[in-house]
There are 2 protein chains.
Amino acid sequence: MRLLKTSEYAIRVLSHMARNEAERYSVSSLHRALGIPYKYLGRLMRKLTKAGLVDAARGKTGGYVITRPPGSIHLIEIVEAVEGLEDFDHCILGFEACSSDQPCPLHDQWGVQRDSIRRMLEEASLEDLALKFEEESEASD
Amino acid sequence: MRLLKTSEYAIRVLSHMARNEAERYSVSSLHRALGIPYKYLGRLMRKLTKAGLVDAARGKTGGYVITRPPGSIHLIEIVEAVEGLEDFDHCILGFEACSSDQPCPLHDQWGVQRDSIRRMLEEASLEDLALKFEEESEASD
DNA sequence: TGGATATTCTACCTCCAGGTGGGAAATGAG
DNA sequence: CTCATTTCCCACCTGGAGGTAGAATATCCA
Ligand code: SF4
Ligand code: SF4
């Protein structure tokens with residue numbers, strides 16, 4: 001009952017980058033600031049680039065920058081890019097599909113829970129999470 | 001956002017066995033009835049035996065039987081036995097712990113979702129799910 | 001007393017998430 | 001031009017989930 005670690009990484013990175021919408025962040029700076037393994041973070045950033053969430057620039061003054069306003073990027077989009085959303089539609093007994101002919105007592109309850117989490121991820125944006133890192137920077141900058 | 005496949009298997013098996021509280025089910029009969037890989041199911045049943053959820057008997061008339069009334073066995077106990085409950089307490093940004101000093105906007109929302117699912121698993125018993133298989137048997141017995 | 005049927009045990013296998021390492025290629029600063 | 005800094009790409013490793021194979025052990029029944 002948790003996101004993939006990589007999804008958590010992605011949300012953490014993008015929330016951090018949402019602080020300064022225009023700044024270019026290098027992998028090494030993100031690694032230092034957020035404690036995510038350097039090499040693995042590089043691969044993740046490449047993935048987020050291909051997903052269109054960030055824009056990459058090589059060379060000395062290169063780095064990554066968010067492509068869209070933080071308020072318009074919702075967590076569901078990040079999760080989808082990293083791990084997909086398949087696991088949000090899954091029978092709690094592991095059946096492929098027993099349709100809704102004779103749903104078991106848990107079918108609806110379980111569906112409500114999944115939908116509730118999904119809705120939360122759809123409504124929460126990077127702007128909401130950015131201030132988390134504002135607070136930290138006040139102390140450590 | 002789903003349980004481990006093995007947890008789903010376990011819930012499926014135990015719900016099926018909850019039909020007849022006293023009957024001894026062999027691995028092969030459970031395999032045939034529920035479509036769970038035979039060898040893997042054997043290992044799972046051994047695990048459930050060690051967890052005290054079922055009782056094993058060897059020999060010709062052997063098999064597994066539920067140890068307690070289905071109404072008293074709740075799903076949370078099964079999930080705990082199979083995959084543990086660690087993943088139900090986890091920051092959505094993947095941080096170890098930033099405590100509740102300055103929780104981010106998602107901290108409480110995410111906590112509510114986890115607790116809600118946990119409560120569902122605590123309240124749902126095998127008795128509730130047993131009738132799912134009653135219906136099936138009416139058609140195929 | 002067998003032999004059939006059951007659980008039990010050990011050892012492997014495959015796949016994938018997470019992680020590491022060594023470079024190649026681009027690009028701005030000097 | 002040169003070089004440092006950056007993204008990019010490759011191959012590899014590890015641990016655990018899910019699955020498979022083969023035999024050892026217990027037990028009832030005929
Ligand atoms: S009715 Fe129950 S068993 Fe069937 S798909 Fe829904 S949750 Fe699964
Ligand atoms: S406040 Fe936010 S970042 Fe901190 S533990 Fe809670 S969810 Fe994670």
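As the structure is a prediction and not an experimental result, all values here were calculated from the model.

Peer 1: Looking at this structure, I do not really get the interface of chain A and chain B. What am I missing?
Peer 2: When the parts of a complex come together, some accessible area is lost, and that lost area is often used as the size of the interface. Across the boundary between the two partners, chain A contributes 35 residues, which contact 35 residues of chain B. Carbon and sulfur atoms supply 69% of the area buried between chain A and chain B, which totals about 3,800 Å² over both sides. The largest share of the area that chain A buries against chain B comes from Met1(A), Leu93(A) and Met120(A), three residues that together contribute 22% of it. Our count for the chain A to chain B interface comes out at zero salt bridges.

Peer 1: What exactly am I supposed to notice about the site of ligand 1 here?
Peer 2: The environment of ligand 1 is formed by Cys91(A), Leu93(A), Phe95(A), Cys98(A), Pro103(A), Cys104(A), His107(A) and Lys132(B). Residue neighbours of ligand 1 fall on chains A and B, so the site bridges chains. Here the shell around ligand 1 is composed, by residue class, of six nonpolar, one polar and one charged.

Peer 1: Please clarify how the protein's contact with DNA strand C should be interpreted in this entry.
Peer 2: Close to DNA strand C lie 26 residues; Lys5(A), Thr6(A), Lys39(A), Arg43(A) and Tyr64(B) are nearest. Sugar plus phosphate: this is where 61% of the atoms of DNA strand C within 4 Å of the protein reside. In this structure, a phosphate oxygen belonging to DNA strand C sits 3.0 Å away from a main-chain N or O atom of Val27(B). Between a base oxygen of DNA strand C and a side-chain N or O atom of Arg58(B), the distance comes to 3.3 Å. Counting only elements with at least two residues in the surface near DNA strand C, the list comes to helix 1 (5-17) and helix 3 (38-50) of chain A together with helix 3 (38-50), strand 1 (54-57) and strand 2 (63-66) of chain B. By residue number, the principal contributor to the surface near DNA strand C is helix 3 of chain B, which donates four residues. Considering only residue class, the surface near DNA strand C consists of 10 nonpolar, six polar and 10 charged.

Peer 1: I would appreciate a short explanation of the site of ligand 2 in the present structure.
Peer 2: Close to ligand 2 lie Lys132(A), Cys91(B), Leu93(B), Phe95(B), Cys98(B), Pro103(B), Cys104(B) and His107(B), which account for all nearby residues. Neighbouring residues of ligand 2 are not confined to one chain but are distributed across chains A and B.

Peer 1: Honestly, the environment of Arg119(A) in this entry has me stumped. Any pointers?
Peer 2: All names here are of chain A. Counting through the fold element by element, arginine 119 comes out in helix 5 (residues 105-123). By relative accessible area, which is 43% here, arginine 119 ends up partly exposed. With 43 residues separating them in the primary sequence, arginine 119 and isoleucine 76 have C-alpha atoms 8.5 Å apart.

Peer 1: Would you mind showing me how to read the packing of helix 1 (residues 5-17) of chain B against helix 3 of chain B here?
Peer 2: The geometry of a pair of packed helices is captured by two quantities: the angle between their axes and the separation between those axes. Residue and element names in this part refer to chain B. The N-to-C vectors of helix 1 and helix 3 enclose an angle of 75 degrees; their axes lie 11 Å apart at closest approach. With respect to helix 3, the axis of helix 1 lies roughly perpendicular. Mapping the contact onto sequence places Thr6, Tyr9, Ala10, Val13, Leu14 and Met17 in helix 1 and Tyr40, Leu41, Leu44, Met45 and Leu48 in helix 3. Partitioned by chemical class, the residues of the contact of helix 1 with helix 3 number 10 nonpolar, one polar and no charged.

Peer 1: Explain the packing of helix 1 of chain B against helix 4 (residues 75-83) of chain B to me, please; I cannot follow it from the model alone.
Peer 2: Residue and element names in this part refer to chain B. The contact between helix 1 and helix 4 brings their axes to 9 Å, and the two run at 135 degrees. Taken together, the axis directions place helix 1 and helix 4 in an arrangement best described as oblique. Like other packed secondary-structure pairs, helix 1 and helix 4 cross with a definite hand, here right-handed. Across the interface between the two elements, Thr6, Ser7, Ala10, Ile11 and Leu14 from helix 1 touch Leu75, Ile78, Val79, Val82 and Glu83 from helix 4.

Cut-offs and rules
Residues numbered from 1 in each chain as written. Chains lettered and ligands numbered in written order. Predicted model: local features only at pLDDT ≥ 70, side-chain atom pairs only at ≥ 80, totals over all residues. Heavy atoms only, no water. Contact = heavy atoms within 4.5 Å. Buried area = accessible area lost by both parts, 1.4 Å probe. Salt bridge = Lys/Arg side-chain N within 4 Å of Asp/Glu carboxyl O. Near = heavy atom within 4 Å. Nonpolar A, V, L, I, M, F, W, Y, C, P; charged D, E, K, R; others polar. Polar contact = N/O pair within 3.5 Å; in protein donor to acceptor, adjacent residues only side chain to side chain. Helix = DSSP H or I, 4+ residues; strand = E, 2+ residues; numbered from the N terminus. Buried < 20%, exposed > 50% of the residue type's maximum accessible area, 1.4 Å probe, protein only. Axes fitted to C-alpha atoms, helices over the stretch in contact; angles between N-to-C directions. Parallel < 35°, antiparallel > 145°, perpendicular 65-115°, else oblique. Left-handed = near helix turned anticlockwise from the far one by under 90°.

Purely geometric numbers; function is a separate question.
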